[in-house]
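# Examination of the molecular architecture
Okay, here's what each chain looks like letter by letter:
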Amino acid sequence: MKTVHEVSEIAGVSVRTLRYYDEVGLLKPAAVSEAGYRLYDDAALERLQHILMYRELQFPIKDVKSILNSPDFDRNRALEQQIELLTLKKEHLETLILFARGIQGIGVRNLDFTAFDARKLDEYVRQAKEAWGRTEAWQEYEQKTEGLSDVQKDVLGAEMMSIFKAFGELRGKDPACAEAQAQVEALKAFITEHFYTCTSEILSQLGQMYAGGGSMTEAIDRAGGEGTAAFISQAISQARG
């Protein structure tokens, strides 16, 4: 048997929380000493493990109590469910880390979430659809972007802005220079990997769209500085093959 203070030390849960769990019927001590101290056995500690796991997954206390008190509660099945949910949470956090790294790479001052919010993205999609309609490229785009979460879209947007920012740092150079052409290849590779196979024809059309004015041009210039969209367009026009 362990006292409430010992359990608090082992589990990293405050004594106050353990007392609250007792009061609401979520975790009752196995016994109470003559001096009035709560005592917990191994079964209570195992139940506490499940409680803490579900709480880590942000289950409301009333739902945790309902699950654990259910006559159908199965320890092994509960563990499988917890592992699955924790895995999903881990994947979500990893995606958020990627997003944060994208922000770090760009620099907060140059980051503009509105450039790639859902409304702007819808506009880009509309323009792309007008350009390529139901081509193989468009079908590939739909396949690659189907099921992407908002966070994943934000990550891609941040990475694209990082490419635009890199172009912006080269604005004073010849669009045909090696550095600018390397960025053209980086842009082409990024689009091919995440959206659709970026052929020379599609890349040329993109260059015209980037410098064509409107929200797309404004977003690119915000990422890389005024004139970046025009510079990208010129660099693309100098690309070979």
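Basis of the calculations
Residues numbered from 1 in each chain as written. Predicted model: local features only at pLDDT ≥ 70, side-chain atom pairs only at ≥ 80, totals over all residues. Heavy atoms only, no water. Pairing = 2+ DSSP bridges. Helix = DSSP H or I, 4+ residues; strand = E, 2+ residues; numbered from the N terminus. Buried < 20%, exposed > 50% of the residue type's maximum accessible area, 1.4 Å probe, protein only. Expected span 1.5 Å × (residues − 1). Contact = heavy atoms within 4.5 Å. Axes fitted to C-alpha atoms, helices over the stretch in contact; angles between N-to-C directions. Parallel < 35°, antiparallel > 145°, perpendicular 65-115°, else oblique. Left-handed = near helix turned anticlockwise from the far one by under 90°. Nonpolar A, V, L, I, M, F, W, Y, C, P; charged D, E, K, R; others polar.

### Re the sheet that holds strand β3 (residues 38-40)
- Taking strand neighbours across the sheet as the criterion, the 3 strands line up as β1-β3-β2 in an open arrangement whose pairing is antiparallel. Both outer strands of the open sheet, β1 (2-3) and β2 (31-32), are each paired with one neighbouring strand and no more.
- Pairing geometry for β1 and β3, over 2 bridges, is antiparallel. Following the sheet pairing, Lys2 is matched in β3 by Tyr40.

### Focus: unusual backbone geometry
- In this structure, Gln58 is a non-glycine residue whose phi angle is positive, near 70°.
- In this fold, Gln58 is placed in the loop between α3 (42-56) and α4 (61-69).
- Among the residues examined, Gln58 registers a relative accessible area of 66% and is labelled exposed.

### Overview of helix α9 (residues 178-194)
- Under the 1.5 Å per step criterion, the end-to-end length of α9 is 24 Å for 17 residues, consistent within 8% with the ideal 24 Å.
- The complete set of buried residues in α9 reads Ala180, Gln181, Gln183, Val184, Leu187, Lys188, Phe190 and Ile191.
- Turning to α9, the residues buried within the fold contact α8 (150-168), α10 (200-210) and α12 (228-237).

### Brief notes about the packing of α3 against α4
- Remark: α3 packs on α4, axes separated minimally by 10 Å, with the N-to-C direction vectors making an angle of 140°. Classified by the angle their axes make, α3 and α4 are oblique. Handedness of the crossing formed by α3 with α4: right-handed. In this structure, α3 contributes Arg47, His50, Ile51, Tyr54 and Arg55 to the contact, and α4 contributes Ile61, Val64, Ile67, Leu68 and Asn69.
- Taken together, the residues that form the contact of α3 with α4 break down as 6 nonpolar, 2 polar and 2 charged.

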